[in-house]
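Survey of secondary and tertiary structure
Given next are the chains, with one letter for each unit.
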Number of protein chains: 2
Amino acid sequence: MEPPNRWLRCTLMCLVVCSGFSSSACVLFGRRINNKLEAKISSQGCSHPHKEEYFEQQVDHFSFTNSDTFQMRYLVSDELWTKGGPIFFYTGNEGDITWFCQNTGFVWDLAVEYKAIVIFAEHRYYGKSLPYGNDSYKDAAHLGYLTAEQALADFAVFLDWYKANTRGGAAGSPVVAFGGSYGGMLAAWMRIKYPNAIAGAIAASAPVWQFTGLTPCNTQYLTISKDFQAANQLCYDSVHMSWDVITRIGQTASGRTKLAQAMKLCNPLKTTADVDGLISWLAGSWFNLAMVDYPYPANFLEPLPAFPIKEVCSYFKTPSPTDDQLLAELTGALGVYYNYTSSIQCFNLSQDATASLGDLGWSFQACTEMVMPFCADGVNDMFYSMPWNYDAQVAACKAQWNVTPRPNWIVSQFGGKNITASSNIFFSNGLLDPWHLGGVLTDLSDTLVVGIIPDGAHHLDLRGKNKLDPPSVIAVRNQERENINQWIAEWWVNKT
Amino acid sequence: MEPPNRWLRCTLMCLVVCSGFSSSACVLFGRRINNKLEAKISSQGCSHPHKEEYFEQQVDHFSFTNSDTFQMRYLVSDELWTKGGPIFFYTGNEGDITWFCQNTGFVWDLAVEYKAIVIFAEHRYYGKSLPYGNDSYKDAAHLGYLTAEQALADFAVFLDWYKANTRGGAAGSPVVAFGGSYGGMLAAWMRIKYPNAIAGAIAASAPVWQFTGLTPCNTQYLTISKDFQAANQLCYDSVHMSWDVITRIGQTASGRTKLAQAMKLCNPLKTTADVDGLISWLAGSWFNLAMVDYPYPANFLEPLPAFPIKEVCSYFKTPSPTDDQLLAELTGALGVYYNYTSSIQCFNLSQDATASLGDLGWSFQACTEMVMPFCADGVNDMFYSMPWNYDAQVAACKAQWNVTPRPNWIVSQFGGKNITASSNIFFSNGLLDPWHLGGVLTDLSDTLVVGIIPDGAHHLDLRGKNKLDPPSVIAVRNQERENINQWIAEWWVNKT
């Protein structure tokens, strides 16, 4: 194994700037849409008629040095609504809002039941909601308004306007916020900061406590390791072994040639830095896989079979494998994640570096407010020594964006673990999800309530109903219904 | 009477830009300190040993286009504190923090009882907390960070730092926020937005609902009129009559000479615009007087006798007075407000135009977020027709600061009248106070509680105890103690 710093450098760079190779955190918060399967996805959500509209927003809500405005996109469907019905509001996260609309079938399922208006609001600087058009990502002067607080203010101002201008009868209707992942954090924070605007929030797989000082940095890789171990111990052992094997082989030019060939890489590994990149890409692949370990075939990050970790792990069959055996098994396993539809000939380590706007935007957010420490030690987990190095992140952020992270700000702004003065938030978490230990896992009060999906991955509950749904996700969705019912009832009581 | 627009123009300009002549709103939110009486004031508050310290703050908490920082001043006294004691935190408003410290004796009285740490935090852009030094007020590019949200973020970040770095045992202590007037709004908003940071808030005379669409614009002048009427009807009638008399006399050059002489003005009235200024200054004087109608001699805006409205009204003795009689009585009455200490020879209408930084800062806030409509009709009140003209305000703000007000933002940001999801705020209001009808006057929930001081003016309860305190203010202070006790108890329960 190389010295920790060597791995660290790349992993941090990847997290921070999302360049070169994918890393777990980048991929999570800046997912790519697979256009080929869009039609299939569409059947899960966004399936009811809806309009794409725009609303003018201040670029800067909190100061008066800049009076620029921009057009925030939102999708709205009011055809299911009948008088007295609520408004279901998805707090868009780091990506094109149509993709979240397509992947959040639960909101559409509920909209039918509740006869609700459905709104998916796009997060500024993603999708088509670009404050400065093609210049939005030019530099920090243009991009600096990409913050969670500005986005929440967008949502609050929008809701006030929408309710005042929507068709009669909905002006007083309760709004329920929904969101998954960073969107779930936004939904929870929306209720914390704008309880006037929304009656309650479904915060699915929202790692609101994955910040400095709140949660140990090793939780994500620990969970992934457990997921693999649960599939079978040999799988865990083989992955655990793979880092040293790849590093050792990759030390020589001939070894790197062999690696690239054995692992069906599209491009050669020219240097040991390229080998670092391969390792980082591999770790990110397992991270992503754990997030989307759904009980039925799905295409969230990639088209995948049901329970893809089991499928991946089925490739590891040889105890104490030779190098060649291990590389062959590893490559077969990777195919489950990257090539389930047999559409690619080789693995392209830089495929995430085509930098959809989502990736780039999240890298900026990770360099400013969203400082979420992560680490592994390779002893208690199946990864390698990857200590959290904040100074390296600061340097990388300075180099990439000329910004300095404010690692304590989110905790000051949103209350950290001291949020019991707030109410009406339902935190759901799947225990297979690498992010769940950064979430809220026990009830904090009568109205800050938790739903656990033991066999659920990343916000499984937000997906549309499926005949293969495990009972646990059905139960949590019913808990969510109960909470929504309470919030709506309370809203009407307070209005009278 | 001149056409409404004529008066309107000046009143608006004065509200907005605080130039030329004082107006009520300007004076309220940008008070001047009378240095002569500072020693006397000091006995009311700030009397315990305290240190003046500074804390580095981001100029812009909510975006990353500007990484400048500045030094926020705060006064801190921890000599009264013993382990287990709370932290009392004054959310500084639009002025030098030492002045608020001196005029908020109640916090010091409580600190002795509760063995509390006392902190008075200065609001950015006031006193010595100038983000850009002498350039702070140069233009909107420098001044644009003067907003309530930025100030609240200052307080939240400061408190997190202070609690982490204060002497042992206070890190977990509950913080109770205090504030009066705009400071009371900040205290309430602090609890609404940062309930993690503070256990509860005493919001004294906080017109949190004096915003567009929440409260009729005529409430302030209506209350002032009632205050004068309560002193005696003749007083009300004489003031009511005075506007027409002054306007009529002021139409000619000789009339203006006579006016200036009769009313002991320092400077001549050269034009009818100057006469408008006189009228605006007069209206502002009565506004201020109503705010400080305290039951004992005090020096909040000016050195004044006990119940100064009664004293002022005692000068109006002649029913159906001649012009000369009315002007003489008016001038005598004005002397109560401006010359109680007999230290001036003439009235200087532009004395508030020396523009302490406080005045100028508030004028910017009124041009951006703090759009608080006001009006009078001269029929239901003792003033003159002064309709609210938002367009004129917009134009004036554009001319003065090159900014456009956002009249609905404060309501979107802080919830308007829909704040029952929040908790632990005590709203006190004196019914003599011109601002009280813009405040919260009935309990909103078990923990959003109201205290009414029927014979109290502007945040009388925040002043130090006085042997002439009416029973009503003593009762409200005891209510405040009870609420503070509950908040503190709840805080410790939640911590265990």
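Reading guide: rules and limits
Residues numbered from 1 in each chain as written. Chains lettered and ligands numbered in written order. Predicted model: local features only at pLDDT ≥ 70, side-chain atom pairs only at ≥ 80, totals over all residues. Heavy atoms only, no water. Helix = DSSP H or I, 4+ residues; strand = E, 2+ residues; numbered from the N terminus. Buried < 20%, exposed > 50% of the residue type's maximum accessible area, 1.4 Å probe, protein only. Areas by Shrake-Rupley, 256 points an atom, 1.4 Å probe, with all protein chains shown as cover. Contact = heavy atoms within 4.5 Å. Buried area = accessible area lost by both parts, 1.4 Å probe. Salt bridge = Lys/Arg side-chain N within 4 Å of Asp/Glu carboxyl O. Polar contact = N/O pair within 3.5 Å; in protein donor to acceptor, adjacent residues only side chain to side chain. Nonpolar A, V, L, I, M, F, W, Y, C, P; charged D, E, K, R; others polar. Expected span 1.5 Å × (residues − 1). Pairing = 2+ DSSP bridges. Axes fitted to C-alpha atoms, helices over the stretch in contact; angles between N-to-C directions. Disulfide = S-S within 2.5 Å. Parallel < 35°, antiparallel > 145°, perpendicular 65-115°, else oblique. Least-squares fit on C-alpha atoms with pLDDT ≥ 70 in both. pLDDT = per-residue confidence, 0-100. Core = buried A, V, L, I, M, F, W, Y, C linked by side-chain atoms within 4.5 Å. Phe/Tyr/Trp six-rings, centres within 6.5 Å; stacked < 30°, edge-to-face > 60°.

1. Structural notes on the overall build of chain A
Helices and strands together make up the secondary structure of chain A, namely 18 helices and 12 strands. Counting all 496 residues of chain A, 64% fall into the buried class. Counting every atom, chain A has about 16,400 Å² of accessible surface; 53% of that belongs to carbon and sulfur.

2. Overview of the interface of chain B and chain A
Listed per partner, the contact involves 42 residues of chain B and 43 residues of chain A. A buried area of about 3,300 Å², summed over both sides, lies between chain B and chain A, and 53% of it is on carbon and sulfur atoms. Contact with chain A buries surface across chain B, with B:F62, B:F64 and B:R406 losing the most and accounting together for 26% of the total. Between chain B and chain A we count 0 salt bridges in total. The tally of links from chain B across to chain A stands at 17 residue pairs in polar contact (both at pLDDT 80 or more). Among the elements of the structure, helix 6 (140-143), helix 7 (148-165), helix 8 (182-193), helix 17 (409-414) and helix 18 (471-495) of chain B are those that each provide at least two residues to the side of chain B that touches chain A. With 6 residues, helix 7 of chain B is the largest single contributor of residues to the side of chain B that touches chain A. The residue inventory of the side of chain B that touches chain A, partitioned by class, reads 17 nonpolar, 18 polar and 7 charged.

3. Focus on helix 12 (residues 272-291) of chain B
Residue and element names in this part refer to chain B. Over its 20 residues, helix 12 runs 29 Å from end to end, which matches the ideal 28 Å to within 8%, given 1.5 Å per residue. Of all the 20 residues making up helix 12, 17 are buried; the element is thus mostly covered by neighbouring parts of the structure. A distance of 3.2 Å separates the backbone nitrogen of A273 from a side-chain oxygen at the start of helix 12, and that oxygen is part of T271.

4. A word on the sheet that holds strand 1 (residues 51-58) of chain B
Residue and element names in this part refer to chain B. Strand order in the open sheet made by the 8 strands is 1-2-4-3-5-6-11-12, with mixed pairing throughout. Looking at strand neighbours, the two that pair on one side only are strand 1 and strand 12 (448-453), the edges of this open sheet. For this sheet the average axis-to-axis angle between neighbouring strands, irrespective of direction, equals 20°.

5. Details of the state of the cysteines
All names here are of chain B. Summed over the entire model, instances satisfying the criterion amount to 10 disulfides over all chains. The disulfide bridge from C235 ends at C313, spanning 2.0 Å between sulfur atoms. Since a negative S-S torsion denotes a left-handed disulfide, the C235-C313 link at about -60° is left-handed. Taken together, the positions of C235 in helix 10 (residues 233-249) and C313 in helix 13 (residues 308-313) put the pair 78 residues apart, joining distant regions of the chain. The exposure class assigned to C235 is buried, which follows from its relative accessible area of 0%.

6. Re the packing of helix 9 (residues 219-231) of chain B against helix 10 of chain B
Each pair of packed helices can be summarised by the angle the axes make with each other and by the distance between the axes. All names here are of chain B. Direction vectors running N to C along helix 9 and helix 10 enclose 130°, while the axes themselves pass 5 Å from each other. Between helix 9 and helix 10, the interaxial angle falls into the category oblique. Along the contact surface, helix 9 presents S225, F228 and Q229, while helix 10 presents Q233, C235, Y236 and V239. A breakdown of the residues in the contact of helix 9 with helix 10 according to their chemical character gives 4 nonpolar, 3 polar and no charged.

7. Here's the deal with the pairing of strand 4 (residues 117-121) of chain B
Put simply, side chains in a regular strand alternate between the two faces of the sheet. All names here are of chain B. Most of strand 4 is tucked away: 5 of the 5 residues are buried. Residues I117, I119 and A121 point to one face of strand 4 and V118 and F120 to the other, with burial holding for every one of them. Relative to strand 4, strand 3 (residues 87-91) runs parallel, the two sharing 5 bridges. Its bridge partner being in strand 4, F89 is matched across the sheet by I119.

8. Brief notes about the relation of the copies chain B and chain A
Note on the identical chains: chain B maps onto chain A by a rotation of 180° and an axial translation of 0.0 Å, with an RMSD of 0.0 Å. As the rotation angle and translation indicate, the two copies are arranged about a two-fold axis. When C-alpha positions in chain B are compared against the rotation axis, the closest is assigned to B:K193, at 2.8 Å. In this assembly the copies share their binding face: 100% of the residues contributing to the interface of chain B also contribute to that of chain A.

9. Examining the confidence of the model for chain A
All names here are of chain A. Overall, the prediction assigns chain A a mean pLDDT of 88, with 89% of residues at 70 or greater. A low-confidence stretch, residues 1-43 (pLDDT under 50), is modelled with 128 contacts involving residues beyond four sequence positions or located in other chains. Counting contacts from residues 352-357, a segment whose pLDDT is below 50, to residues more than four positions away or on other chains yields 10 contacts. The ipTM for the predicted assembly is 0.90, set against a pTM of 0.91.

10. A word on the nonpolar core
With 317 residues, the main nonpolar core has A:W189, A:W286, B:W189 and B:W286 as its most contacted residues. Residue contacts for B:W189: discarding those within four places in its chain leaves B:A148, B:L152, B:Y182, B:Y194, B:V208, B:F211, B:M370, B:I410 and B:F414.

11. Considerations on the sheet that holds strand 2 (residues 69-77) of chain A
Residues and elements named next belong to chain A. Sheet architecture is open: 8 strands sit in the order 1-2-4-3-5-6-11-12, paired in mixed fashion. If you trace the sheet from one side to the other, it starts and ends with strand 1 (51-58) and strand 12 (448-453), each paired once. Taking the axes of each pair of neighbouring strands and ignoring which way they run, one obtains an average angle of 20° across the sheet. Two elements, strand 2 and strand 4 (residues 117-121), share 4 bridges in a ladder whose sense is antiparallel. Within the sheet, the bridge partner assigned to L75 lies in strand 4 and is F120.

12. With respect to the environment of A:N483
Residue and element names in this part refer to chain A. In this structure, N483 sits in helix 18 (residues 471-495). By relative accessible area, N483 is classed as buried at 8%. For the pair formed by N483 and N424, sequence separation is 59 residues and the distance between their alpha carbons is 7.8 Å. Contacts of N483, omitting those with residues within four sequence positions, involve F426 and V449.

13. What to know about the packing of aromatic side chains
Here the structure, examined in full by the defined rule, presents 65 aromatic pairs over all chains. Here the aromatic rings of A:F374 and A:W388 are separated by 5.9 Å at their centres, their planes lie at 55°, and the arrangement is tilted. Of this pair, A:F374 sits in the loop between helix 15 (357-366) and strand 9 (376-377) while A:W388 is found in the loop between strand 10 (385-386) and helix 16 (390-401), placing the two residues 14 residues apart along the sequence. Residue A:F374 is classed as buried on the basis of its relative accessible area of 7%. Taking the relative accessible area as the measure of exposure, A:W388 reaches 23% and is therefore partly exposed. Plain terms: the ring middles of B:W99 and B:F100 are 5.4 Å apart, the flat faces sit at 55° to each other, and that makes the pair tilted. For the pair shown, B:W99 and B:F100 are each scored as buried.

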